[in-house]
Amino acid sequence: MIRPRRLRQSPAWRRLAQETRIAPAQLVLPMFVAEGADEPRPIASMPGVVQHSLDSFRAELQRAAEAGIGGVMLFGVPLEKDASGSGATDPDGILNVATRIAAAEVGDALVVQTDLCLDEFTDHGHCGVLDADGRVDNDATLVRYREMALAQARAGSQLVGLSGMMDGQVAAVRAALDADGAYDVPILAYAAKYASAFYGPFREAVQSSLVGDRRSYQLDPANRREGAREVELDLTEGADIVMVKPAMSYLDVLADAAAASPVPVWAYQVSGEYAMISAAAANGWIDRDRAIDESLVSIVRAGADAVLSYFAVEAAERWARA
């Protein structure tokens, strides 16, 4: 009789036979920084996650560095918004201020990453500027993305995360960065970003002003081949890293990307995934630590080289104690 159980019979054997391993350096912590905040503001739908004040932001950056995670992804929450998202390119806008702080505080210990998208800064909540008919204008948005890339690179961003799903965004931003001499700033392309129901808590986190939905530019959850095509296009345009978002409902798309990509492939364990695990654990329905670890391992097992996760620091600190 063949007995595969021989390699599962003790904790020592299970550790030795483990196929997929994940380390703190593979985790990236998304962080929200709120303009004008005097203290951290809890996000009701994401227990344990906050909109940071600049002081609490500095403290959490140090905690993240001490935990040994790989990096932080920064999102700004401005006081004022307008149709073009002008706060995104203002050197004194909250995201660029936070980027300068992070680069100065932990730039040698963590990869400081910035969200390059207009949705936090527009009064209509879309990821681009709108045309006269109220539709997102792809090419006009690329102009704003180029300007954002320069502002973020000048503020000290060590990686720009293109999350807007505009056609041609990678090529446009690469050209702008190179023309400004920012050759060493890599591009993370949110290559296969789906129009998902799991983004709900994030919209509370950034106080989104979204009217309508983003289905005209984010991918249909039913489409696997289209996700692979988007990855291929971003690779052709020069992406340094490609991303699949969300993670857990799209492990097939993630595996496809990992099989095809010559550059690193990341995945984003999004706000809704965090919220579901947190809520079920708070109700005693699942074991929080085991569910966190199982979810992260599943994403890496499917092919992710790194994972953006709101659990990043919590998990890394717990693993260090184990």
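This structure is a prediction, so every number in the text was calculated from the model and none was measured.

Caption draft 1: Quick look at the environment of Glu80. With respect to the helices and strands, the residue Glu80 is situated in the loop between β4 (71–77) and α3 (94–106). By relative accessible area, Glu80 is classed as exposed at 67%. A C-alpha to C-alpha distance of 7.6 Å links Glu80 and Phe121, two positions 41 residues apart in sequence.

Caption draft 2: Just the packing of aromatic side chains, in detail. Following the criterion strictly, the structure yields nine aromatic pairs and no others. Ring plane angle 15° and centroid distance 6.0 Å describe the contact between Phe32 and Tyr310, whose orientation is recorded as stacked. Of this pair, Phe32 sits in strand β1 (residues 27–34) while Tyr310 sits in the loop between β10 (306–309) and α11 (312–321), placing them 278 residues apart in sequence. A relative accessible area of 1% means that Phe32 is categorised as buried. With 4.3 Å between their ring centres and 20° between their planes, Tyr194 and Tyr250 make a pair best called stacked. Of the two residues, Tyr194 sits in the loop between β7 (187–193) and α6 (200–205) while Tyr250 sits in the loop between β8 (241–245) and α8 (251–260), which places them 56 residues apart along the sequence. In this structure, Tyr194 and Tyr250 share a single accessibility class: buried. Members of the aromatic cluster, connected to one another through ring pairs, are Phe32, Phe75, Tyr190, Phe202, Tyr268, Tyr274, Tyr310 and Phe311.

Caption draft 3: Spatial organisation of a positive patch on the surface. On the surface, Arg3, Arg5, Arg6 and Arg8 cluster together to form a positively charged patch. Summarising the element assignment, Arg3 is placed in the segment before α1 (11–17). Judged by relative accessible area, which is 46%, Arg3 ranks as partly exposed.

Caption draft 4: Quick peek at the nonpolar core. Counting 101 residues, the largest nonpolar core has Phe32, Phe57, Ile69, Tyr145, Val173, Leu177 and Trp266 as its most contacted members. Among all residues touching Phe32, those that are not within four sequence positions of it are Ile43, Val49, Val50, Gln51, His52, Phe75, Val77, Phe202, Ala205, Val206 and Tyr310.

Caption draft 5: Seen up close, the pattern of salt bridges. For the coordinates displayed, the defined rule picks out 17 salt bridges. Across the pair Arg135 and Asp133 runs a salt bridge, and its minimum N-O distance is 3.4 Å. A relative accessible area of 52% places Arg135 in the exposed class. Three or more residues joined by partner-sharing salt bridges are found here, namely Asp55, Arg58 and Glu105.

Caption draft 6: Local environment of the pairing of β4. The element β4 is largely enclosed, with a buried count of seven among its seven residues. Neither face of β4 is exposed, since Gly71, Met73, Phe75 and Val77 on one face and Val72, Leu74 and Gly76 on the opposite face are all buried. Of the strand pairs in this sheet, β1 and β4 are connected by seven bridges, and their pairing is parallel. For Val28, the partnering residue across the bridge sits in β4 and is Gly71. Between the parallel pair β4 and strand β5 (residues 111–116), the chain is carried across by α3, and the sense of this crossover is right-handed.

Caption draft 7: Expanded view of unusual backbone geometry. For the bond from Lys245 to Pro246, the omega torsion is -10°, close enough to zero to count as cis. Residue placement: Pro246 occurs in the loop between β8 and α8. Unusually for a residue other than glycine, Met165 sits at a positive phi of about 60°. Tracing the chain through its elements places Met165 in the loop between β6 (159–162) and α5 (169–179).

Caption draft 8: Seen up close, the side chain of Glu120. Within the secondary structure layout, Glu120 lies in the loop between β5 and α4 (138–155). The charged side chain of Glu120 is buried without a salt bridge, its nearest counter-charge being Arg214 at 7.3 Å.

Caption draft 9: Fine view of the packing of helix α2 (residues 54–67) against α11. The contact between α2 and α11 brings their axes to 9 Å, and the two run at 40°. Between α2 and α11, the angle is such that the two are oblique. Both α2 and α11 take part in a crossing whose hand is left-handed. Contacts between α2 and α11 involve Arg63, Ala64 and Ala67 from the former and Val313, Ala316 and Glu317 from the latter.

Caption draft 10: Quick peek at the pairing of β1. For β1, the buried fraction is high: eight of the eight residues fall into the buried class. Residues Leu27, Leu29, Met31 and Val33 line one face of β1 and the alternating positions Val28, Pro30, Phe32 and Ala34 line the opposite face, and both faces are buried. Summarising the sheet, β1 and β10 pair through two bridges and their orientation is parallel. Across the sheet, the residue bridging to Leu27 is Val307, located in β10. Inspection of the sheet shows β1 paired to strand β3 (residues 50–52) by two bridges, in the parallel sense. The partner of Phe32 across the bridge, within β3, is Gln51.

Thresholds applied
- Here, residues in each chain are numbered from 1, in the same order as that chain's written sequence.
- Given that the model is predicted, a residue must reach a pLDDT of at least 70 before its local features are reported, and side-chain atom pairs must reach 80 or more before they are shown or counted; all residues, however, enter totals for whole chains, interfaces and linings.
- Side-chain numbers here rest on the full set of heavy atoms in the structure, without hydrogens or water.
- What counts as a helix is a DSSP run of H or I of at least four residues, what counts as a strand is a run of E of at least two, and both are numbered from the N terminus.
- When a residue's accessible area, from a 1.4 Å probe over protein chains only, is under 20% of the maximum for its type it is buried; when over 50% it is exposed; and in between it is partly exposed.
- Between 30 and 60 degrees the pair is tilted, below 30 it is stacked and above 60 it is edge-to-face, where a pair is any two Phe, Tyr or Trp rings, Trp via its six-membered ring, whose centres lie within 6.5 Å.
- Patch membership is restricted to residues that have no salt bridge and whose relative accessible area is over 30%. Joining uses 9 Å for like charges and 5 Å for the nonpolar side chains Val, Leu, Ile, Met, Phe, Trp and Tyr.
- Calculation of accessible area relied on Shrake-Rupley with a 1.4 Å probe; when residues are assessed, cover is drawn exclusively from the protein chains displayed.
- Take a side-chain nitrogen of Lys or Arg and a carboxyl oxygen of Asp or Glu: if they are within 4 Å of each other, that pair is a salt bridge.
- Neither His nor the chain termini are counted; the positive set is Lys and Arg, and the negative set is Asp and Glu.
- Just so you know, the charge point we use is NZ for Lys, CZ for Arg, CG for Asp and CD for Glu.
- To qualify as a nonpolar core, a set must consist of buried Ala, Val, Leu, Ile, Met, Phe, Trp, Tyr and Cys residues joined through side-chain atoms within 4.5 Å.
- Whether two residues are in contact is decided by their heavy atoms, any of which lying within 4.5 Å being enough.
- The rule for pairing is simple: two strands pair if DSSP sees at least two bridges between them.
- Call a crossover right-handed when, viewed with both strands pointing away from you, the route from the first strand across the helix to the second goes clockwise.
- Note on geometry: axes are C-alpha line fits, over the in-contact stretch for helices, and angles between N-to-C directions span 0 to 180 degrees.
- To sort the angles, those under 35 degrees are grouped as roughly parallel, those over 145 as roughly antiparallel, those from 65 to 115 as roughly perpendicular, and the leftovers as oblique.
- Left-handed is the label given to a crossing in which the near helix is rotated counterclockwise from the far helix by less than a right angle, and right-handed is the label when the rotation is clockwise.

As far as function goes, none of this settles anything; it's purely spatial.
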